[in-house]
Amino acid sequence: MALDDALREKIQGLVTSHKVLLFMKGNRHFPQCGFSAQVVGLLNELLPKYETVNILSDPALREGMKEFSSWPTFPQLYVDGQLVGGCDIVKEMYATGELHKMLGVSNEAKVPTITLSAAAAKAIREAGEAESGETLRIGIGPQFQYELYFGPAEDGDVEAKAAGLVVRMDRASAKKADGMSIDFVEGPGGGAFKIENPNEPPTVKRLVVKELKGMMDRNE
């Protein structure tokens, strides 16, 4: 699809009228793809306000953006009228602090307090470090998905200590990790790590109509 003058002017107006603008699938409150959700998660941590454009609601805009930016995929982040890039570039810039500098926000990261139970520390030590220089890494996703694994240091890492062990994580994970505790629980199929995190949003409990009516009746 060729980008006509009217659509080019519309896109140019959008990118120049907002300091930070994200073309994405869905919107800030309801991302509709994993890559868009990751970028929204990072921007939410850094900025109280920014604008998004849902390219799914306008097929012509979606196709026109690809030619306008010479970037074939979404999301696409613009800052001060200039294309920054997609999900991988934004994540890399966040990790190195370049994104913070570009957006004019502090790059200082608080070292989180993490508690490892004796059982968890023992299990980690027994697992051993895969290679010299690798330590336990913790990853916490936008929806508080957790990863525990051994890996080397990376640019922009935040380093904490727990039960005598070095624990590394990226900045986004560090902001979600303060006060987190990790235990190791034995079970029929082997052991598993149990994570409790006070920063994690409460789980929404689903109620059937009968249960809801019963609760309402009790409150009358």
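The following refers to the structure shown. Source: prediction; values computed, not measured.

### Considering the pattern of salt bridges
Side-chain pairs of opposite charge can arise whenever the charged atoms involved come near each other.
Okay, step 1: Under the counting rule described, the total for this entry stands at eleven salt bridges.
Okay, step 2: One salt bridge connects Arg-137 with Glu-154, and the closest N-O pair in it is separated by 3.8 Å. Here Glu-154 lies in the loop between strand E9 (146-151) and strand E10 (158-162) and Arg-137 lies in strand E8 (residues 135-140), a separation of 17 residues in the sequence.
Okay, step 3: Its relative accessible area of 45% is what places Glu-154 among the partly exposed residues.

### A closer look at unusual backbone geometry
Across residues other than glycine, the phi torsion is negative in most instances, and most of the peptide bonds are trans.
Okay, step 1: For the bond running from Phe-74 to Pro-75, omega is 10 degrees, close enough to zero to count as cis.
Okay, step 2: In this structure, Ser-70 takes a positive phi of about 55 degrees despite not being glycine.
Okay, step 3: Positionally, Ser-70 belongs in the loop between helix H3 (59-69) and strand E5 (76-79).
Okay, step 4: Residue class for Ser-70 comes out exposed when judged on its relative accessible area of 61%.
Okay, step 5: Backbone geometry at Ala-163 places phi at a positive 50 degrees, although glycine is not the residue there.
Okay, step 6: Inspection of the secondary structure puts Ala-163 in the loop between E10 and strand E11 (165-169).
Okay, step 7: Looking at Ala-163, the relative accessible area reads 41%, which means it is partly exposed.

### Looking at the pairing of E9
Okay, step 1: Bridge analysis of E8 against E9 gives six bridges, and the strand direction is antiparallel. Looking at the pairing, Ile-140 lines up with Tyr-146 of E9.
Okay, step 2: Between the end of E8 and the start of E9, which pair antiparallel, lie five residues, with Phe-144 showing a positive phi angle near 60 degrees.

### A closer look at a negative patch on the surface
Okay, step 1: On the surface, Asp-88, Glu-92, Glu-98 and Asp-155 cluster together into a negatively charged patch.
Okay, step 2: For Glu-92, the location among the structural elements is in helix H4 (residues 87-96).

### Re the sheet that holds E10
Okay, step 1: If you trace the four strands from one edge of the open sheet to the other, you get E9-E8-E11-E10, paired in mixed fashion. At either end of the open sheet lies a strand with only one pairing partner, and these are E9 and E10. Going from strand to strand, the sheet's axes swing by 30 degrees on average, the running direction of each strand aside.
Okay, step 2: In the packing of helix H6 (residues 118-127) onto the sheet, contacts are made with E8, E9 and E11, and the angle to E11 comes to roughly 85 degrees.

So, how was this worked out
- Residues numbered from 1 in each chain as written.
- Predicted model: local features only at pLDDT ≥ 70, side-chain atom pairs only at ≥ 80, totals over all residues.
- Heavy atoms only, no water.
- Salt bridge = Lys/Arg side-chain N within 4 Å of Asp/Glu carboxyl O.
- Helix = DSSP H or I, 4+ residues; strand = E, 2+ residues; numbered from the N terminus.
- Buried < 20%, exposed > 50% of the residue type's maximum accessible area, 1.4 Å probe, protein only.
- Pairing = 2+ DSSP bridges.
- Patch = residues over 30% accessible without salt bridge, like charges linked within 9 Å, V, L, I, M, F, W, Y side chains within 5 Å.
- Areas by Shrake-Rupley, 256 points an atom, 1.4 Å probe, with all protein chains shown as cover.
- Lys, Arg positive; Asp, Glu negative; His and termini not counted.
- Charge placed at Lys NZ, Arg CZ, Asp CG, Glu CD.
- Axes fitted to C-alpha atoms, helices over the stretch in contact; angles between N-to-C directions.
- Contact = heavy atoms within 4.5 Å.

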